[in-house]
Every structure is written in structure tokens, then in C-alpha cells.
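# Tertiary structure, described
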Amino acid sequence: MHTAPDLFADDPARPAALSLGPQAVLLRGFALAQAAALLEGVHAVAQQAPWRRMATPSGHALSVATTGCGPLSWVSDRRGYRYEAHDPLTGRPWPALPPAFLAMAQAAALQAGFAHFVPDACLVNRYAPGTRLSLHQDRDEQDMDAPIVSVSLGLPAVFLWGGATRAERPERVLLHHGDVVVWGGVDRLRFHGVLPVEAGEHPATGPWRINLTLRKARY
Ligand code: MD3
Ligand code: FE
């Protein structure tokens with residue numbers, strides 16, 4: 001698929017920073033200059049902790065393929081959701097956080113008003129065409145004061161940005177390669193999801209969308 005140049009990149013109607021809530025902000029293109037380094041990190045991580053589709057507690061496979069890095073990473077299986085220090089697939093510790101991931105997360109958090117963000121977990125999601133993430137909350141982390149920093153790479157996706165309850169109709173926000181979103185405080189437990197990713201070819205990732213979420217799972 002050919003991606004047209006973004007004629008509205010400098011349009012004041014499309015500001016570089018878009019507030020999504022009192023403590024949630026989209027930083028458009030914030031990770032663009034580091035995208036190649038971040039993707040090298042993803043490939044290094046996936047070499048040590050292979051992509052897999054984890055089982056949900058009900059026994060279905062997640063639609064997204066995942067890997068992870070950091071002292072901890074998120075795990076799902078028949079026993080539930082949790083953070084663990086070891087990759088259940090290999091039995092080894094999760095790969096270390098690539099320095100570029102940490103630098104990006106801290107710079108974005110600071111920009112969004114969260115100083116001293118020290119993530120201890122990074123979940124890496126890979127979306128093939130048609131892959132979606134249904135509306136959910138992220139509540140498996142102990143430290144709800146820390147923000148979550150999310151970096152979108154590759155194919156674009158429509159992000160669903162809901163409210164404090166599932167009943168609230170979510171807003172739709174298009175996320176592009178290099179976009180970073182930071183969520184914390186009063187917005188930390190909002191429902192969110194991703195619509196099925198449309199097929200395409202991105203120069204940086206080929207047929208995929210990749211999303212990094214940097215988190216603080218433990219106090
Ligand atoms: C809003 N990932 O991994 S990142 C997830 O694009 C997840 O792969 C999506 O939701 C993705 O759990 C969205 C954005 C995100 C992450 C965590 C949040 C938004 C959030 C926590 C609270 C509120
Ligand atoms: Fe989430």
C-alpha cells in the first residue's frame with residue numbers, strides 16, 4: 001500500500017500534542033526520530049522472547065501476538081493475568097529493556113507532566129491485518145500512580161478511547177507510526193481498545209502494527 005505524504009502534518013488543526021483527557025496526551029510523531037532504534041530493540045527482544053499468542057483465562061488465544069521485556073512482563077494464561085519475571089515460553093528471564101525504550105518512555109512521560117517515571121515492564125504487541133484489541137482496562141499493575149507510555153510503530157490503527165465504564169461510547173483516535181500516548185492519573189483506568197488493523201505495507205514494519213507499552217507493574 002502506498003502511504004500519501006501527510007499534507008496536514010503542520011496544520012494547526014492537528015496539533016503536535018492532543019489532549020485526550022485531564023492526564024492523557026497524544027504526542028504526535030514524538031518517537032519518529034527514534035523509530036528505527038526502537039524497532040531494532042523489538043527485533044532483539046523477539047529473538048530472545050519469541051512472538052506468541054497467549055491464552056486468555058477462558059482458553060481463547062489473544063488476537064495480538066506479544067512479547068515483552070524488562071524486569072517484569074505481562075503474562076496471560078488459563079490461570080489469569082499477571083506480571084512475571086520469567087518468560088513462560090522459554091523459562092528465561094525477560095530480555096532487558098533496550099536503552100532506547102527507557103529513554104523514550106522517560107522523555108515522553110516528562111513531556112506529559114509525569115517526572116521520575118521508571119518503568120519495570122514493557123509489553124510489545126504485534127498486530128497483523130484484522131487483529132484487534134477489544135475494550136478493556138489495564139488493572140494488573142500495582143502502581144496506579146505511574147503513567148503508561150505507549151508507542152505506535154508501523155501500520156496505523158484506530159484507537160478506541162472510552163470512559164470510566166464500558167457503557168460510555170468510545171472516541172476514535174487515529175494512531176500513526178511514531179505517535180506516543182501517555183496516560184496516567186485520573187485517566188489511568190479508562191476503557192480502551194484498538195479496531196481491526198487494516199492491511200497495508202509500512203516501510204518500517206512491513207505488514208504489521210507494533211505497539212510498545214511501558215508500565216510500572218510493582219511498587
Ligand atoms: C489507556 N494496547 O497493551 S496502547 C495494551 O495499541 C493496550 O496495543 C493498545 O491497550 C495497543 O493494554 C493500546 C494505549 C494504552 C495503553 C494502556 C492504557 C492506553 C491506555 C491504560 C490506561 C488508559
Ligand atoms: Fe490496554
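Check the entry above for the structure.
So, a few notes on the structure that sits alongside this text. Throughout, residues of each chain are indexed from 1 in the direction in which the sequence is written. Chain letters and ligand numbers both follow the written order, the letters beginning at A and the numbers at 1. The model is predicted, so local features are restricted to residues of pLDDT at least 70 and side-chain atom pairs to those at 80 or more, both for listing and for counting; the totals for chains, interfaces and linings are taken over all residues. Side-chain metrics in this entry use all non-hydrogen atoms of the structure; hydrogen atoms and water are not considered.

## Some points on the coordination of the iron ion (ligand 2)
Protein-derived coordination of the iron ion (ligand 2) comes from His136 (NE2), Asp138 (OD) and His192 (NE2), at a distance range of 2.0 to 2.2 Å. Every donor residue of the iron ion (ligand 2) comes from the same chain, spaced as H-x1-D-x53-H. Histidine 136 gets classed as partly exposed once you look at its relative accessible area, which sits at 21%. When a residue's accessible area, from a 1.4 Å probe over protein chains only, is under 20% of the maximum for its type it is buried; when over 50% it is exposed; and in between it is partly exposed. Classification of aspartate 138 as buried rests on a relative accessible area of 9%. Shown as donors are all N, O and S atoms within 2.8 Å of a metal ion, widened to 3.2 Å for Na, K and Ca; because water is not in the atom set, sites may appear incomplete.

## Description of the side chain of histidine 177
Only DSSP runs of H or I reaching four residues or more are called helices, and only runs of E reaching two or more are called strands; each is numbered from the N terminus. Summarising the element assignment, histidine 177 is placed in the loop between strand 10 (171-175) and strand 11 (180-183). Since its relative accessible area comes to 18%, histidine 177 is described here as buried. For histidine 177, the side chain forms a polar contact with the main-chain nitrogen of glycine 154, separated by 2.9 Å. In what follows, a contact means two residues having at least one pair of non-hydrogen atoms within 4.5 Å. With near-sequence residues (within four places) excluded, histidine 177 lies in contact with Leu32, Ala35, Leu39, Ser152, Leu153, Gly154, His202 and Ala204. Identification of polar contacts relies on pairs of N or O atoms within 3.5 Å, with a donor-acceptor requirement for protein atoms, meaning one able to donate a hydrogen and the other able to accept it, and with residues adjacent in sequence counted only if both atoms are side-chain atoms.

## Quick notes on helix 2 (residues 99-111)
One less than the residue count of a helix, multiplied by 1.5 Å, gives the span that helix is expected to have. Between the first and last C-alpha of helix 2 there are 18 Å, a value that for 13 residues agrees with the 18 Å anticipated at 1.5 Å per step. Of the residues making up helix 2, those classed as buried are Phe101, Met104, Ala105, Ala108 and Ala109. All buried residues of helix 2 project into a common sector of 125° when viewed along the axis, lining one side. Along helix 2, exposed side chains directed more than 90 degrees from the buried face belong to Pro99, Leu110 and Gln111. Just downstream of helix 2 lies glycine 113, where phi reads positive at about 100°. It is the directions from the helix axis to the C-beta atoms whose arc is reported.

## Thoughts on the packing of aromatic side chains
Pairing of aromatic rings covers Phe, Tyr and the six-membered ring of Trp, with a centre-to-centre limit of 6.5 Å; geometry is then stacked below 30 degrees between planes, edge-to-face above 60, and tilted otherwise. Scanning all chains against the criterion turns up 4 aromatic pairs. With a centroid separation of 5.0 Å and 45° between ring planes, the pair formed by phenylalanine 159 and tryptophan 183 is classed as tilted. Of this pair, phenylalanine 159 sits in strand 9 (residues 157-161) while tryptophan 183 sits in strand 11, placing them 24 residues apart in sequence. In terms of burial, phenylalanine 159 and tryptophan 183 fall into one category: buried. Clustering of aromatic rings is evident, with ring pairs tying together Phe159, Trp161 and Trp183. Only when the NZ of Lys or the CZ of Arg is both within 6 Å of the ring centre and within 35 degrees of the ring normal is a charge said to sit over the ring. A cation over an aromatic ring shows up here: arginine 126 above the ring of tryptophan 208, its NZ or CZ 4.3 Å from the ring centre. Note that arginine 209 overlies the ring of tyrosine 127, its terminal NZ or CZ placed 5.0 Å from the centroid.

## Section: the nonpolar core
Nine residue types can take part in a nonpolar core, namely buried Ala, Val, Leu, Ile, Met, Phe, Trp, Tyr and Cys, and a core is a set of them joined through side-chain atoms within 4.5 Å. Counting 28 residues, the largest nonpolar core has Phe101, Val149, Val180 and Leu212 as its most contacted members. Listed by contribution, the elements that provide at least two residues to this core are strand 2 (24-27), helix 1 (35-48), helix 2, strand 6 (121-127), strand 8 (148-154), strand 11 and strand 13 (209-215). The contacts of valine 180, once residues within four sequence positions are left out, are Val25, Leu26, Leu27, Phe30, Ala31, Met104, Ala108, Val149, Ser150 and Val151. Of all hydrophobic cores here, the second largest spans 24 residues; its members include Val64, Leu123, Leu175 and Val194.

## Here's the deal with the pairing of strand 9
On any regular strand, side chains alternate: one points to one face of the sheet, the next to the other face. In terms of burial, strand 9 is largely enclosed, as 4 of its 5 residues are buried. By the bridge criterion, 5 bridges tie strand 9 to strand 10 in an arrangement that is antiparallel. Residue pairing in the sheet places phenylalanine 159 in a bridge with valine 173 of strand 10. Note that strand 9 and strand 12 (residues 192-194) share 3 bridges and pair antiparallel. Paired with phenylalanine 159 across the bridge in strand 12 is valine 194. Any two strands are treated as partners once DSSP identifies two or more bridges connecting them.

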